[in-house]
Amino acid sequence: MSAESTGAAPRAQQLGLIACEACGLILQAADDECPGYCPRCDEPLRRRKRDSLRRSWAFLIAAAMLYIPANLLPIMRTQQLLERYDSTILSGVALLWHNGAYDLAIIVFVASIMVPVLKILSLAILLITTQRGSQQHARERTRLYRIVDYIGHWSMLDVFVVVLLVTLVHFGALAQVQPLPGVIAFGAVVVLTMMASMSFDPRLIWDASAARSDPEPQSCATRP
Amino acid sequence: MAAANLVICKYCDSVYQRTPLGRREIARCAQCGAELYHYRQIDVDTMLALTVASLFAFVIANIFPIAMLEAQGRSSEANLWQAIIASFRSGAAPIGALAATTVFFFPLLQLCLFAYVLLPLRLAQVPSGFNWVMHALRQMQPWAMVEVFMLGVLVAVVKLGDVATVTPLAGTWGFALLTLLLTLLNSYDLRELWDRASALNA
């Protein structure tokens, strides 16, 4: 059900309204350049997230770079008597599939391989189109952002699996599982993509051609 | 000046007049399709009950072993903290710290802080430090990952299934229950608590 279905709704910026991002209080901003602090919860009021595009790019580029070692380096070593087997994320999925656990192979494949790639690509698309001031498919782009934001933390799955295997498979010389550097890189990718999507402000998508770059930071008076 | 009866879409900045919703109804933004607000399914009493139940589930999930592994006549079992300590010892300290934060500290802190604000609110009082607690709750929310860990337990159990006998233990059921309860708790819109507190302060 739509709250209002006829015509385009007015935008807060045009009406001089501002919503506190912490407590949701809606205020008539007295000074549009420097809205000050929320009277209810003391959070600094902002029309848009601070340095949204710049920060989001920074996190995203860091995530994309770490994505390479995260997938190429082995994430864990399984040692059984004299056999030693290092597995990467992809080989872990292949092993699950090979053993007939198709459902889990698909879950791990989606959570660990598809989601991070799609997330990095989607955020790059969102950032580029927003920077270019694109006005096309704004609704779809906003939905893409919501999806990216929602599924982000599920990629942590493989990290937790390694943590569990390391403790459970602990039979001294008989069998052991050790974490390898790949898993640290992978964990970092997940955290960085989450931070990239949190830094992105989807309202910039709707700010038409105005938002080709982050608004310059205002030098406002500090808290009274 | 505050405008009480409005709602602003946080995804596209469109402004709407709030209208009361019927059961299970969701108000969506006509512009971008995002949810604006939904019918309040759970009230403060239910929230408080869910918080207490979650704390019990949290204790079960953390003190009992998650699973037992048997192979070649030997067995091993582990709970969450043993897993975290093992990651530290085997040279993956960042991963251990990540698991400790997202599966133990943040969920526990979330539950304690929820109890801390809900109990006084239920008695029509605003606890001291309310603002600080609410900010902390909001900022922690995306980083609490019990549900992902739960799925990780399932994947680990199945992965080991063909090399050893794996028995899920009480810890697994604790995490399953905790996942369910936290999902319900997190569906609550924290802004409602702000509104409630400011109504009490007025």
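Residues numbered from 1 in each chain as written. Chains lettered and ligands numbered in written order. Predicted model: local features only at pLDDT ≥ 70, side-chain atom pairs only at ≥ 80, totals over all residues.

1. Overview of the overall build of chain A
- A tally of helices and strands in chain A yields eight helices and five strands.
- Listing each helix as α and each strand as β along chain A from the N terminus yields α-β-β-α-β-β-α-α-α-α-β-α-α.
- Residues classed as buried in chain A amount to 40% of the 224 residues present.
- Taking the contacts inside chain A whose residues are at least 6 apart along the sequence as the reference set, 67% of them involve residues at least 24 apart. (Helix = DSSP H or I, 4+ residues; strand = E, 2+ residues; numbered from the N terminus. Buried ≥ 20, exposed ≤ 12 C-beta atoms within 10 Å, placed from the backbone. Contact = placed C-beta atoms within 7 Å.)

2. Section: the domain arrangement of chain A
- When cut into domains, chain A gives domain 1 (11-47) and domain 2 (51-210).
- Using C-alpha coordinates to define each centre, domain 1 of chain A is positioned 34 Å away from domain 2 of chain A. (Domains from an automatic or database assignment.)

3. Some words on the interface of chain B and chain A
- With 61 residues of chain B at the interface, the matching set in chain A holds 62 residues.
- For the side of chain B that touches chain A, the element with the highest residue contribution is helix H5 (residues 146-160) of chain B, accounting for ten residues.
- When the residues that make up the side of chain B that touches chain A are grouped by side-chain class, the tally is 38 nonpolar, 15 polar and eight charged. (Nonpolar A, V, L, I, M, F, W, Y, C, P; charged D, E, K, R; others polar.)

4. Brief notes about the sheet that holds strand E5 (residues 175-179) of chain A
Residue and element names in this part refer to chain A.
- If you walk across this open sheet you meet the three strands as E4-E3-E5, and the pairing is antiparallel. In this open sheet, the two edge strands, each paired with only one partner strand, are strand E4 (83-87) and E5. The average undirected angle you get between the axes of adjacent strands in this sheet is 15 degrees.
- With five bridges connecting them, strand E3 (residues 76-80) and E5 associate as antiparallel partners. For Gln80, the partnering residue across the bridge sits in E5 and is Ala175. (Pairing = 2+ DSSP bridges. Axes fitted to C-alpha atoms, helices over the stretch in contact; angles between N-to-C directions.)

5. Looking at the environment of Arg46 of chain A
- One can find Arg46 of chain A in the loop between strand E2 (26-28) and helix H2 (52-72).
- For Arg46 of chain A and Val162 of chain A, which are 116 residues apart along the polypeptide, the C-alpha to C-alpha distance reads 40 Å.

6. Section: helix H6 (residues 170-186) of chain B
Residues and elements named next belong to chain B.
- With 17 residues, H6 ought to run about 24 Å at 1.5 Å a step, and its terminal C-alpha atoms sit 24 Å apart, in line with that.
- Within H6, the full set of buried residues consists of Gly171, Thr172, Gly174, Phe175, Leu178, Leu181 and Leu182.
- Its buried side turned inward, H6 meets helix H1 (44-63), strand E5 (67-71), helix H3 (93-122), H5 and strand E7 (165-168). (Expected span 1.5 Å × (residues − 1).)

7. A short note on the environment of Ala196 of chain A
- Along the chain, the position of Ala196 of chain A falls in helix H7 (residues 181-199).
- For the pair Ala196 of chain A and Asp149 of chain A, spaced 47 residues apart in sequence, the C-alpha separation works out to 9.4 Å.

8. Points about the sheet that holds E7 of chain B
Residue and element names in this part refer to chain B.
- Taking strand neighbours across the sheet as the criterion, the three strands line up as E6-E5-E7 in an open arrangement whose pairing is antiparallel. Either end of the sheet is taken by a strand with one partner, and the two such strands are strand E6 (74-78) and E7. If you compare each strand with its neighbour and ignore which way they point, the axes differ by 15 degrees on average.
- Where E5 and E7 come together, four bridges link them in antiparallel fashion. Looking at E7, one finds that Met68 is bridged to Thr167.

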